[in-house]
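Single-letter residue listing:
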Amino acid sequence: MGTAAHDPHAEHTGHKDHTGHTGHTPQDPHADHDMSTTFGLAQTEDGYRIGKVSAPGSANEPGTLSFVISGPDGDAVADFTEEHEKKLHLIVARSDGAHFHHVHPTMDAAGTWSVPWQWDAPGSYRAFADFIPTATGAGLTLSATVEVAAETPGELALHPATPRTETSVGGYDVTVSGSITPNHGSELQFTVSRDGEPVTALEPYLGAFGHLVALRDGDLAYLHVHPHGDAPQPGATSGPHIAFEITAPTPGRYLLFLDFQVAGEVFTAPLVIDTVG
């Protein structure tokens, strides 16, 4: 798993998938996937459980990350409803948000999800599984923690998040405007440019022009973000703006990770903003 080479809070791989939309017409692909009271921080909800996450024990050690989702009967769940063109989205973030991955594991016949894996750095990580069991049709986000050992004393260096409304990734500059008011739907607009010029060649990626993951600083509470706009037609392009609606449950600092695709390549832009009001 590679990392982007800007500041410590930008050491993130590109999300391998997920979605978001531009435009002005509200669209809610998470209509049946509203935020739960656990905000993705629970290992069990509604009878479903994410089992222990097996992964390499130290950084820079190639291996496999795997886990099982079990249902109310205790058996591995094997029937999932596709959302955003995938049956399960896996988001992994270190406790300080400085290392972030969004990937899509595959499931074997026994119901075990797995993906090739290598940690970028030691630390405490939370792995979120975002999925819809076909049996209920209701979206769930469950998570488990994984501890990655440091190979040498003093190797672990955390990077507390600080507010930032602009960043650069892969030669693209990304800014965010708008504000987050706790317990109210708040619109955020991201703008993508390159060399001072607006980027209008944003490509559809899993049926959308962008995707946003938002995590609360401190406990990494996982927020479902509602994109704006209609799903793009194949071959369409858009930009430079991508808009989303976010509802933050509490005042505080939120870590934002924006996916966008240009010329077939997905980039992840990390930003940090505080709530207002």
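Everything discussed here concerns the structure shown above.
Summary of the structure given here. Predicted model, so just to flag it, every value in this text is computed and none were measured.

Here's the deal with the overall build of the protein
What the protein contains, in helices and strands, is zero helices and 20 strands. When the 277 residues of the protein are sorted by exposure, 51% land in the buried category. At a minimum sequence separation of 6, the contacts of the protein that also span at least 24 residues come to 70%. Working note: accessible area of the protein is about 11,300 Å², and carbon and sulfur atoms make up 49% of it.

Focus on the nonpolar core
Membership of the largest hydrophobic core comes to 30 residues, with the highest contact counts inside it found for Phe190, Leu256, Leu258 and Phe260. For this core, the secondary structure elements donating two or more residues are strand 12 (172–178), strand 13 (185–194), strand 15 (211–216), strand 18 (241–247), strand 19 (253–262) and strand 20 (265–274). Per element, the largest residue contribution to this core is five residues, and it comes from strand 19. By size, the runner-up hydrophobic cluster in this structure holds 27 residues, among which are Val103, Val115, Leu140 and Val148.

Considerations on the sheet that holds strand 2 (residues 44–45)
If you walk across this open sheet you meet the five strands as 2-3-4-8-7, and the pairing is antiparallel. The open sheet is flanked by strand 2 and strand 7 (106–107), the only strands paired with a single partner. The pairing of strand 3 (residues 48–50) with strand 4 (residues 63–70) spans two bridges and is classified as antiparallel. Residue pairing for strand 4: Ile50 is matched across the bridge by Ile69.

Some details on the sheet that holds strand 16 (residues 222–223)
Two strands in a sheet stick together by hydrogen bonds in their backbones, pointing the same way (parallel) or opposite ways (antiparallel). Read across the open sheet, the four strands follow the order 16-15-19-20; overall the sheet is antiparallel. Only two strands of the sheet have a single neighbouring strand rather than two, namely strand 16 and strand 20. Sheet topology places strand 15 next to strand 19; six bridges connect them, and they run antiparallel. Following the sheet pairing, His211 is matched in strand 19 by Asp259.

Examining the packing of aromatic side chains
This model, assessed by the stated rule, comprises ten aromatic pairs. Aromatic pair Phe80 and Phe131: ring centres 5.6 Å apart, planes at 80 degrees, arrangement edge-to-face. One end of the pair, Phe80, is in the loop between strand 4 and strand 5 (88–94); the other, Phe131, is in strand 9 (residues 123–131), with 51 residues separating them in the sequence. The same class applies to Phe80 as to Phe131, namely buried.

A look at the environment of Ser193
As for its position among the elements, Ser193 is in strand 13. Separated by 20 residues in sequence, Ser193 and Asp173 place their C-alpha atoms 5.2 Å apart. Ignoring any residue separated from it by four or fewer positions in sequence, one finds Ser193 in contact with Gly171, Tyr172, Asp173, Pro198 and Val199.

A few points about the environment of Ile132
With respect to the helices and strands, the residue Ile132 is situated in the loop between strand 9 and strand 10 (140–148). Once the C-alpha coordinates of Ile132 and Asp79 are considered, the two residues, 53 residues apart in sequence, prove to be 9.0 Å apart. Sequence-distant contacts of Ile132, that is, excluding residues within four places in its chain, are made with Phe80, Thr81, Glu83, Gly137, Ala138 and Gly139.

Section: the pairing of strand 20
Along strand 20, eight of the ten residues are buried, which leaves the element largely enclosed by surrounding structure. Inspection of the sheet shows strand 19 paired to strand 20 by ten bridges, in the antiparallel sense. Across the sheet, the residue bridging to Asp259 is Thr268, located in strand 20. Between strand 19 and strand 20, which follow one another and run antiparallel, lie two residues, and Ala263 among them has a positive phi close to 50 degrees.

A closer look at the pattern of salt bridges
The final tally for this structure, using the stated rule, is three salt bridges. When the shortest N-O distance is used, the salt bridge between Asp219 and Arg216 registers 2.6 Å. Judged by relative accessible area, which is 29%, Asp219 ranks as partly exposed. Assessed through its relative accessible area of 15%, Arg216 is described here as buried.

Reading the values: rules and limits
- Residues numbered from 1 in each chain as written.
- Predicted model: local features only at pLDDT ≥ 70, side-chain atom pairs only at ≥ 80, totals over all residues.
- Heavy atoms only, no water.
- Helix = DSSP H or I, 4+ residues; strand = E, 2+ residues; numbered from the N terminus.
- Buried < 20%, exposed > 50% of the residue type's maximum accessible area, 1.4 Å probe, protein only.
- Contact = heavy atoms within 4.5 Å.
- Areas by Shrake-Rupley, 256 points an atom, 1.4 Å probe, with all protein chains shown as cover.
- Core = buried A, V, L, I, M, F, W, Y, C linked by side-chain atoms within 4.5 Å.
- Pairing = 2+ DSSP bridges.
- Phe/Tyr/Trp six-rings, centres within 6.5 Å; stacked < 30°, edge-to-face > 60°.
- Salt bridge = Lys/Arg side-chain N within 4 Å of Asp/Glu carboxyl O.

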